[in-house]
Amino acid sequence: PFKTIIVLSISYPKDQVKFKGKGHGILARYTYGKDYHQVYYDLFKTLESRFEKEGIKAKGYADVSPLDERFAAFLAGLGYMGKNQLLIHKKFGTYHFLGALLINESFETTKNVMDSCGDCRLCIEACPPGALSDEGYNERLCTSYVTQMKIPLTKEDRKPMRVMLFGCDICQRVCPKNKAIESVRREVFEPDEASQLHLKTLLTLSNKAIMREYQNYAYTFRGGLILKRNAIVLLANQRQYDALPLIKTVYEDYKHVPWFKVTTEEIIEEMEKNQ
């Protein structure tokens, strides 16, 4: 049996790409560059091998695991849980990825002095759908959650989706703990052309083509149709009415998928009414 959890943190740059304007959608900052899951898997492969040579059994997990990595990181002294529901690291703020390595050895640890958000409520006040509050976090209202889930999107769900195609970075951008940190330079997580996508071009691609083109980015883990649905929402909210014929074509191709059908039908109806 495993006896110890070693929590790892890899920082990533905080600078966001500049919005090119209507017709485009920006991806959440954590998805820039190579999928962090793949970065961690490569690292774990090396670490597991090194531990094995020392006669120690080790198993690494990144995000997809039976562990509550944020709570484990808190217990390990890497940071504290902020009101934005993210682990806030003293040096990296919220701009870091967590991973966990289980080993079958025990050793002593020392406790670190923890920080806190104090009376700060900036993330709560800035959250467009009101997912954050003094009472806690309502996952169902969170735009980051909504853009990743295969569910019908209500008008209220869609309302905040104007620039971000996948995810939401508002609670990170307003956090004072992120203001003082320096944005690290880490080539593997630097932005490229895939950090912002042309929405109508995205809709012309098959789901398989999307996965082939963007398979090394973290935003494809939910599949191509999620991105298409989100692109349609953005085109509607950006009042790109010339995209309506294309949206209708995509609708016909995927109307057999219930959550896509319901969302897109409502959008088409609204666009036809408002154009």
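Asker: So what's going on with a positive patch on the surface? Which residues, and what values?
Answerer: A grouping of Lys22, Lys159, Arg162 and Arg239 is seen on the molecular surface, where their side chains present a positively charged patch. Using a relative accessible area of 56% as the deciding quantity, one classes Arg239 as exposed.

Asker: Describe a nonpolar patch on the surface, naming the residues involved and giving the relevant values.
Answerer: Residues Phe71, Phe74, Leu75, Met81 and Met114 make up a contiguous nonpolar surface patch of roughly 440 Å² in combined accessible area. Per-element accounting of the nonpolar patch gives the leading share, 3 residues, to helix 2 (residues 69-75). Turning to its location among the elements, Phe71 is positioned in helix 2. By relative accessible area, which is 45% here, Phe71 ends up partly exposed.

Asker: Give me helix 10 (residues 224-237): which residues, what numbers.
Answerer: Between its first and last C-alpha, helix 10 extends 20 Å over 14 residues, near the 20 Å set by a 1.5 Å rise per residue. Where burial is concerned, most of helix 10 is hidden: 13 out of the 14 residues are buried.

Asker: Outline the pattern of salt bridges, supporting the account with residue identities and numerical values.
Answerer: Enumeration according to the criterion identifies 14 salt bridges in this entry. Across the pair Glu193 and Lys20 runs a salt bridge whose closest N-O atoms are separated by 3.5 Å. Of this pair, Glu193 sits in the loop between helix 7 (176-179) and strand 10 (196-198) while Lys20 sits in the loop between strand 1 (4-11) and strand 2 (24-27); the two residues are 173 residues apart in sequence, bridging distant segments of the chain. Just as Glu193 is exposed, Lys20 falls in that class too. Via salt bridges that share partners, Asp15, Arg185 and Glu190 belong to a single interconnected network.

Asker: So, the sheet that holds strand 1: which residues are in play, and what are the values?
Answerer: Overall, antiparallel pairing links the 3 strands, which are arranged 1-6-3 in an open sheet. Edge positions in the open sheet fall to strand 1 and strand 3 (58-61), since each of these has one partner strand only. Here the strands of the sheet are splayed against their neighbours by 25° on average, with no regard to which way each runs. As paired elements, strand 3 and strand 6 (residues 96-103) share 4 bridges and run antiparallel to each other. Paired with Tyr61 across the bridge in strand 6 is Ala100. Packing against the sheet, helix 1 (residues 36-53) makes contact with strand 1, strand 3 and strand 6, and its axis sits at approximately 30° to strand 6.

Asker: An account of the sheet that holds strand 10 is needed here, citing residue identities and associated values.
Answerer: Think of a sheet as strands paired side by side through backbone hydrogen bonds, with each pair either parallel or antiparallel. Read across the open sheet, the 3 strands follow the order 9-2-10; overall the sheet is mixed. In this open sheet, the two strands that pair with only one neighbour each are strand 9 (164-166) and strand 10. The sheet shows a mean angle of 40° between the axes of neighbouring strands, taken without regard to direction. Pairing analysis gives 2 bridges linking strand 2 to strand 9, with the strands arranged parallel. Within the sheet, the bridge partner assigned to Ile26 lies in strand 9 and is Met164. Across the face of the sheet, helix 10 comes into contact with strand 2 and strand 9 while running at roughly 165° to strand 9.

Thresholds applied
For every chain, the first residue of its written sequence is number 1, and the numbers climb from 1 along that sequence. A pLDDT threshold of at least 70 governs which residues receive local features in this predicted model, and a stricter bar of 80 or more applies before side-chain atom pairs are shown or counted, although totals over entire chains, interfaces and linings include all residues. In computing side-chain properties, one takes all heavy atoms of the structure into account and sets aside hydrogens as well as water. Patch definition: residues with relative accessible area over 30% and no salt bridge; like charges joined within 9 Å; nonpolar side chains (Val, Leu, Ile, Met, Phe, Trp, Tyr) joined within 5 Å. Values of accessible area rely on a 1.4 Å probe in the Shrake-Rupley scheme; residue burial ignores everything except the protein chains shown. Every case where a carboxyl oxygen of Asp or Glu lies within 4 Å of a side-chain nitrogen of Lys or Arg is listed as a salt bridge. His is not counted, nor are the chain ends; Lys and Arg add positive charge and Asp and Glu add negative charge. Charge positions are represented by NZ for Lys, CZ for Arg, CG for Asp and CD for Glu. Under the scheme applied here, a residue whose accessible area is under 20% of the maximum for its type counts as buried, over 50% as exposed, and between as partly exposed, the area being computed with a 1.4 Å probe on protein chains only. Each helix corresponds to a stretch of at least 4 residues labelled H or I by DSSP, and each strand to a stretch of at least 2 residues labelled E; elements are numbered beginning at the N terminus. One less than the number of residues in a helix, times 1.5 Å, gives the span that helix is expected to have. When DSSP locates at least two bridges between a pair of strands, those strands are taken to pair. A fitted line through C-alpha atoms represents every axis, and for helices the fit uses only the stretch in contact; the resulting angles, taken between N-to-C directions, go from 0 to 180 degrees. Residue contacts are defined here by distance: any two heavy atoms, one from each residue, within 4.5 Å place the two residues in contact.

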